[in-house]
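Single-letter residue listing:
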Amino acid sequence: MTHIIHRSLILNRNILIKSPRCLCKNGYLIQQPFSTSSIRFSSIRGTAQKLFEGLKLGDRASLARSITLIESTNKEKAEEARILVDNVIKYCQIKAKQQGKPVPSFRLGLSGPPGAGKSTFIETLGCKLTSEGNKVAVLAVDPSSGTTGGSLLGDKTRMPVLTVDKNAYIRPSPSRGHLGGVTRTTNEAILLCEAAGYNIIIVETVGVGQSEYMVSNMVDMLCLLLPPAGGDELQGIKRGIVEQSDLIVVTKFDGDLVPAARRIAMEYTSALKFMRPRTKIWKPKVKLCSARTGEGLQNVWETMQAFEEKMLSEGELVRRRANQHRLWMWSYVEERVISQIRSTAGLTELTRRLEDSVVQGKTSPGTAADTIIHNFFKNIQYKS
């Protein structure tokens, strides 16, 4: 763990830059003058270098291969992926400064229960955005089988028009048992899309319940999609993903479902009054929309734009992303510590015996965990 924390400090130290004089441009505070020499890139070569150069040119094949690289569990490829991501983070900083913006893209998270129409909504919204000159990347998370570990990855089949749009990129990825409705590498995939020039990045989660809202720690805005049969006001008052949402959209606002959609919208509007907003400068809104007819879509997008402008002008968006990087760091620490424990010589036999003891009911899971952690740190102290 000492090695992991030490390495994290080194990576973060390389990112630090001096804060030059700030000027105001287009209503935002930006740093001027800015020089690329103020950020030091990590040494990069081989496959990672080719991918990095391709990303800067907006090459779709390089983006696809880069995401595949960060999803790999191979140790050598994982090291290449870390170097690539380290350089991409710094490149995105430079890119934002050159554009005169605090951030280079708008990150939108879409969540909701199965059958809420997430893929259809993305298809309609994405086509609208690309027609207006935007470049849209969609990271769709598909649930993995608890038995075989496989995934269907069929989200692209629900977006036939957006799939062939040259200004859109759709990447379905398996959740591989990762909780929270996202994948282990969603953060890295978002950064890679930013580096490739996509200014709007949509993260579609798996069909989630009330307690799965990890995507809110990865995006700028969390939009919750609910079908007309989304429950009553009591469901809205329950803490969880509703509490983390910046915008609630009641979908399928067409045909015979119009009265039910209006009722659900009113009930959730009432429920939000009992919740404390995530930020003082924005109160969550409830909107109605039909992805099939396009009814209410423009209103939904205008609300999203208003949110982005408000968060940027108040500096809240930059603060939110900074906090997300802090959480991202600790998720790395947790993942690496567990990986180190599983691969530490001398602990393999101990963990096997403790697992058997827990299965047989002889040892409690908490006691077994404490024993493993104690022996892990004891092993580190012995080596040092």
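Below is a short write-up of the structure. These numbers were taken from a predicted model, which means no experiment stands behind them. (Residues numbered from 1 in each chain as written. Predicted model: local features only at pLDDT ≥ 70, side-chain atom pairs only at ≥ 80, totals over all residues. Heavy atoms only, no water.)

A word on the nonpolar core
Rule in force here: To form a nonpolar core, buried Ala, Val, Leu, Ile, Met, Phe, Trp, Tyr and Cys residues must be joined to one another through side-chain atoms within 4.5 Å. The rule is simple: take the accessible area with a 1.4 Å probe, protein chains only, and divide by the maximum for that residue type; under 20% is buried, over 50% is exposed, in between is partly exposed. By definition in these notes, contact holds between two residues if any of their heavy atoms fall within 4.5 Å.
Counting residues in hydrophobic clusters, the biggest one holds 47 residues, and the most contacted among them are Leu63, Leu84 and Val88. For valine 88, the contacting residues outside a window of four places in its chain are Phe52, Leu55, Leu191, Leu192 and Ala195. In terms of nonpolar packing, the next biggest core, distinct from the first, is built from 33 residues, Met159, Leu162, Ile170 and Trp282 among them.

Topic: the sheet that holds strand β8 (residues 247-250)
Think of a sheet as strands paired side by side through backbone hydrogen bonds, with each pair either parallel or antiparallel. As a reminder, the rule being used: Strands were regarded as paired on the criterion that DSSP finds at least two bridges between them. Labels follow the DSSP assignment, with helices taken as runs of H or I lasting at least four residues and strands as runs of E lasting at least two, numbered in each case from the N terminus. Axis geometry follows a simple rule: fit a line to the C-alpha atoms, using only the stretch in contact for helices, then measure angles between N-to-C directions, giving values from 0 to 180 degrees.
The parallel open sheet is built from seven strands, whose spatial order is β5-β4-β6-β3-β7-β8-β9. The sheet terminates laterally at β5 (168-174) and β9 (285-288), the two strands that pair on one side only. In this sheet, neighbouring strand axes are inclined to one another by 20° on average, regardless of whether the strands run parallel or antiparallel. Here strand β4 (residues 136-142) pairs with β5 via seven bridges, running parallel. Pairing of alanine 140 across the sheet is with proline 172, part of β5.

Quick notes on the environment of leucine 162
Structurally, the position occupied by leucine 162 is in helix α6 (residues 160-163). Here leucine 162 falls in the buried class, since its relative accessible area comes to 0%. Put simply, leucine 162 and threonine 124 are 38 residues apart on the chain and 8.3 Å apart in space, counted from C-alpha to C-alpha. Setting aside anything within four residues of it in sequence, one finds leucine 162 in contact with Ile122, Glu123, Gly126, Cys127, Thr130, Val138, Ala168 and Ile170.

Here's the deal with unusual backbone geometry
With a phi close to 55°, lysine 252 is a non-glycine residue in the positive phi region. Of note, lysine 252 is situated in the loop between β8 and α10 (258-272).

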